[in-house]
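# Secondary and tertiary structure notes
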Amino acid sequence: MKTTITRHVGALAIGAMTLFAVEAQAEQSAKPADHTHTHDHSHGDEQQKQIYNGYFEDSQIAARPLSDWEGGWQSVFPLLMNGTLDPVMAHKAEHGTQTAADYKAYYEIGYRTDVDRIVIDGDQVSFYTGDKAVTGTYASDGFEVLTYKKGNRGVRFIFAKTAGDQAAPGFIQFSDHRIAPSVSDHYHLYWGDDRAALLEEVTNWPTYYPAALSPDQIVHEMMAH
C-alpha cells in the first residue's frame, strides 16, 4: 500500500508570520562516513556569514548536485514536541524579542511534518513515515531566488521527479543557507507536485539534521547558530 506524504500548516500560521516572518530563512539510516560535518557556513569569513544571513550577489549562486544532501536525515519536529529542544527555545528567548513559548509555537508550525526520516542515495530520495516509505528518482530542475520582507534572500535548489512511486512528490526544494556546491549539515525541505506553489510556502519548512547525530548533538548544533 502506498503512503501519502503530507506537510501540515498549523492554524497559528498567520500570527507566527507576523512575529517571525523572516526567521524561517535564517533557520530548513546512517550518515555516510565521508559526509563531513562542518560549520564553515556560519563561522567562516565575513562573506560566508553574509551569505548565511541571506545577503549575496546573483553571481555567487551556482547549481548544486543532489549529492550535497546525500545520506540519512532525521526530522527535528519530534525533538521539538518532546521537549528536547526546549533549551534551544530558551536560548533564542535570551537573545531575541519573544518568549521561549512564542518561539516554540513558531517552530511547531515551521518544523511540522509526518516524514520523520529522509534517505538520499544517488539520485533516489526516500521519505519515511514510521516504517513506510515512498521513493522517487530526482533530477536537477534549477534553482529559484526568493526575496523576503526584511530584504534578505534565499535560494531554493529544486529537483523534479523523473521516476519512482506515484506517492513520491513531484518536486523537492532544498534551502540550507548555502548558495553554491557544498555538503549540507542541515536543511529545510519543501515538497509537493506544484513547483510554483512550493515557492510561496514560507511558514512550514520541515527541517532535517543528520541521522547519526544524537538529540544532545542536535541541540548543540542549533545553539551554535
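Anyway, here's the lowdown on the structure attached to this text. (Residues numbered from 1 in each chain as written. Predicted model: local features only at pLDDT ≥ 70, side-chain atom pairs only at ≥ 80, totals over all residues. Heavy atoms only, no water.)

## Observations regarding the sheet that holds strand β8 (residues 207-210)
Spelled out, the test is: Only strands that DSSP links by at least two bridges are regarded as paired with each other. Helix numbers and strand numbers start at the N terminus; a helix is a DSSP run of H or I with at least 4 residues, a strand a run of E with at least 2. To obtain each axis, a line is fitted to C-alpha atoms, and for helices this fit is confined to the stretch in contact; angles are then taken between N-to-C directions over 0 to 180 degrees.
Within the closed barrel, the 8 strands sit side by side as β1-β2-β3-β4-β5-β6-β7-β8. Their pairing is antiparallel. Going across the sheet, the axis of each strand differs from the next one's by a mean of 35°, ignoring polarity. Here 5 bridges tie strand β2 (residues 117-121) to strand β3 (residues 124-129), and the two strands are oriented antiparallel to one another. Its bridge partner lying in β3, Ile120 is registered against Val125.

## Some points on helix α9 (residues 215-224)
Rules: Three exposure classes are used, based on accessible area relative to the maximum for each residue type with a 1.4 Å probe and protein chains only: buried under 20%, partly exposed in between, and exposed over 50%. Taking the helix axis as origin, the arc is that swept by the directions to the C-beta atoms. Contact criterion: two residues are considered in contact whenever any of their non-hydrogen atoms come within 4.5 Å of each other.
Among all positions in α9, only Ile218, Val219, Glu221 and Met222 are buried. Axial view of α9: buried residues confined to an arc of 165°, hence all on one face. Facing away from the buried surface of α9 by more than 90 degrees, the exposed residues are Asp216 and His220. Buried positions along α9 lie against β1 (71-75), α5 (77-81), α6 (86-95), α7 (100-111) and β8.

## Observations regarding unusual backbone geometry
Not every positive phi belongs to a glycine, and His177 is a case in point at roughly 70°. Examined against the element boundaries, His177 turns out to sit in the loop between β6 (171-175) and β7 (187-192). Classification of His177 as buried rests on a relative accessible area of 4%.

## A look at the side chain of His188
Quick note on the threshold: Residues adjacent in sequence count toward polar contacts only when both atoms are side-chain atoms; beyond that, a polar contact is any pair of N or O atoms within 3.5 Å, and within protein one must be able to donate a hydrogen and the other to accept it.
Tracing the sequence through the fold places His188 in strand β7. His188 sits in the buried class, given a relative accessible area of 0%. Among the polar contacts listed, one links the side chain of His188 to the side chain of Thr207, at a separation of 2.7 Å.

## Side note on the nonpolar core
Condition: Definition used in this section: a nonpolar core is a set of buried Ala, Val, Leu, Ile, Met, Phe, Trp, Tyr and Cys residues joined via side-chain atoms within 4.5 Å.
If you look at the biggest cluster of nonpolar residues, it comprises 25 residues, and the most contacted ones within it are Val76, Leu85, Tyr107, Tyr111, Ile218 and Met222. Examining the composition of this core, we find that 4 residues originate from one element, α7, more than from any other. Beyond its immediate sequence surroundings of up to four residues, Leu85 is in contact with Val76, Leu79, Leu80, Tyr111, Val219 and Met222. By size, the runner-up hydrophobic cluster in this structure holds 24 residues, among which are Ile120, Phe159, Phe174 and Leu189.

## A word on the environment of Pro215
Note on placement: Pro215 falls in helix α9. For Pro215, a relative accessible area of 37% puts it in the partly exposed group. Between the C-alpha atoms of Pro215 and Thr84, which are 131 residues apart in sequence, the distance is 7.0 Å. With near-sequence residues (within four places) excluded, Pro215 lies in contact with Leu79 and Thr84.

## Quick word on the packing of aromatic side chains
Using the following cut-off: Stacked, edge-to-face and tilted labels apply to pairs of Phe, Tyr and Trp rings (six-membered ring for Trp) whose centres lie within 6.5 Å, assigned for plane angles under 30 degrees, over 60, and everything in between, in that order.
In total, this model carries 14 aromatic pairs according to the counting rule given. Relative to Phe174, the ring of Trp69 lies with its centre 4.1 Å away and its plane at 15°, an arrangement referred to as stacked. A residue pair is termed long-range when its members are at least 10 positions apart, and Trp69 in the loop between α4 (46-52) and β1 and Phe174 in strand β6 qualify at 105 residues. Like Trp69, the residue Phe174 is buried in the burial classification.

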